[in-house]
Amino acid sequence: MTSLYETCAYETAGGGTEMLVKCVANGLDKTNSSRATSYHSWFLIICGALIFFMQAGFAMLCAGCVRKKNVQNSMLKNLLDACGAAVAFFAVGYAFAFGETDSTGFTFLGKRNFFLTGDVDQGFWFFEFAFSATAVTIVAGTLAERCQMVAYLLYSLVLTGFVYPVVAHAVWSSNGYLSAFAQDPFRGIGTIDFAGSGVVHTTGGTTALIATYILGARRGRFHDNRGRLLPTPRTIHGHSMALQLMGTMVRWFGWYGFNCGSALLLEVEDTGKVGALAAVNTSLAAACGCFTSLFTHLFLEEKRTGEIKFDLGKAMNGALAALVAITAPCGTVENWAAVAIGSIAGIVYLFSSSALVYFRLDDAVDAVPVHLANGIWGLLATGLFTSPGRLMDAFGTEEHVGWFYELGRGSTDATLLGNQCLAIIFIMGWVSVTMLPFFLWLNFMGWFRAGSLEELVGLDHSCMRERPNYLEEEGDGFSDVGTGVERGPPKFDLPVETSASESEQERALTGTQE
């Protein structure tokens, strides 16, 4: 293989030293540009893989939050999330979100690149596919233990193939009317959602809220077995705190692909500087969210009961809530602001979780308080805390910064904050307009909620024909062939009023423990 110098010497023979130097310089520029493009693609793949690894974290968390009789069903739904997202985003989702258009102005959807036809950056597709899969799987935990498989598959395809892409196009596409990447951004700045507090988490969280409202609560959560309202909602505990913690830590790890990887898509010179800032802010926010959620809950419980109680679940969800909140502003705020945003996120989670119970909406994994409430907070925090210097590093402008900084300048310009509010209204409105009729239709068709008996024995048994865990422990009423014992249906020895209290009957029916 000949060297670049030898090639240029041959091509410029007799042309003099100046032509030789120019040829070598041009050749080096092409080589460096090619290597930069290659490195950029590899980093997108690595960060996309980190984001996709979060699917394992979601699966662990969901499995740990449900009872043993629903574990396999929950895990299968998490697996099908990724599969459905891949197919739908390949077929139409990417084209709607980032496909080429005939216009240089604002558009509602992309019009080309269906089935990845045309000129498509494969690394970029993979990176964005991982984002879309995350938006879908947020809903899995909320609907756990009572949602039919058919409904879940249909919802996954609709959200990834159409609903999510419209939001992604509006906020992240160069033709999106709210996009900060547009040639002429809306009101001079557009909406800043660095890595998806709005696009991913508010979209998924709003969908989860609508779905759980229509689907209803699990048996025994808010009503007894006779349909009477319980004076105090019963907590249905998951079977494994270890799985929940492992899932939380895996998701935290994958979040660095979310936030740091998004810096690769910026049109600035030093993306590494922005990515490093995102990594530090992500770490600080998650740590502070964990602390504030844990100790605020401890303080409130001590005031209410007189006892000190450290709650691992509140600590884990506080960290996840802070990760959601810092996702939008991670590359545009200072470190101290990340501490403030994460700390507030932990408190937002606690009060939104309590509000969910107050309105008797059942969320098995608290996805709505974590993703919806703190997705909204993350967008608002961006409009409040974005600093001029960090905005210049990430987006090349110092105009229309966070409202607190504008006040420091002696200005009341709230353009960025207003745009963030508009994005919240658009995302929640669009998801509601599309997913509410869809879930109502599923419910009308009888495809949404599992039957009462299926829910009682567990979806592992009713949908996957696995032996119910509690029947394995106490005897299932079946005998092996050749034993001479008559085979028959499972026997449920439920207590009656003369031999057990009403609360014991309820626990027998619901499979829960106080």
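Residues numbered from 1 in each chain as written. Predicted model: local features only at pLDDT ≥ 70, side-chain atom pairs only at ≥ 80, totals over all residues. Heavy atoms only, no water.

Engineer: Got a minute to help me understand the overall build of the protein in this structure?
Structural biologist: Of the regular secondary structure elements, the protein holds 18 helices and 0 strands. Taken across its 514 residues, the protein has 53% of its residues classed as buried. Total accessible area on the protein stands at roughly 22900 Å², and carbon and sulfur atoms take up 63% of it. (Helix = DSSP H or I, 4+ residues; strand = E, 2+ residues; numbered from the N terminus. Buried < 20%, exposed > 50% of the residue type's maximum accessible area, 1.4 Å probe, protein only. Areas by Shrake-Rupley, 256 points an atom, 1.4 Å probe, with all protein chains shown as cover.)

Engineer: So what exactly am I meant to see when it comes to helix α8 (residues 271-305) here?
Structural biologist: In an α-helix there are 3.6 residues to a turn, and that puts residues three or four apart on one side. Between its first and last C-alpha, α8 extends 50 Å over 35 residues, near the 51 Å set by a 1.5 Å rise per residue. Following α8 by one or two positions, G306 adopts a phi angle in the positive range, close to 80°. (Expected span 1.5 Å × (residues − 1).)

Engineer: What's the story with the packing of aromatic side chains in this structure? I'm lost.
Structural biologist: To describe a pair of aromatic rings, you give the distance between the ring centres and the angle between the ring planes. Evaluated as defined, the whole model comprises 32 aromatic pairs. For the ring pair F385 and F404, a centre distance of 5.2 Å and an interplane angle of 80° mean the geometry is edge-to-face. Here the residue F385 occupies a position in helix α11 (residues 367-385), and F404 occupies one in helix α13 (residues 403-408), the gap between them amounting to 19 residues. Aromatic pair W403 and F404: ring centres 6.3 Å apart, planes at 35°, arrangement tilted. Judged by its relative accessible area of 29%, W403 is partly exposed. (Phe/Tyr/Trp six-rings, centres within 6.5 Å; stacked < 30°, edge-to-face > 60°.)

Engineer: Can you help me understand a nonpolar patch on the surface in this one?
Structural biologist: Nonpolar side chains collect at one region of the surface, where V150, W441, F444, M445 and W447 lie side by side and expose about 530 Å² of accessible area between them. Ranked by residue count, the leading element in the nonpolar patch is helix α14 (residues 415-445), at 3 residues. Structurally, W447 can be placed in the loop between α14 and α15 (452-457). (Patch = residues over 30% accessible without salt bridge, like charges linked within 9 Å, V, L, I, M, F, W, Y side chains within 5 Å. Salt bridge = Lys/Arg side-chain N within 4 Å of Asp/Glu carboxyl O.)

Engineer: What exactly am I supposed to notice about the side chain of R221 here?
Structural biologist: In this fold, R221 is placed in the loop between α6 (197-215) and α7 (241-261). Owing to a relative accessible area of 11%, R221 belongs among the buried residues under this scheme. Reaching out from R221, the side chain makes a polar contact with the backbone oxygen of R234 at a distance of 2.8 Å. A polar contact is formed between the side chain of R221 and the side chain of D362, at a distance of 3.3 Å. In this structure, R221 is in contact with L230, P233, R234, T235, I236, V357 and D362, ignoring residues within four places of it in sequence. (Polar contact = N/O pair within 3.5 Å; in protein donor to acceptor, adjacent residues only side chain to side chain. Contact = heavy atoms within 4.5 Å.)

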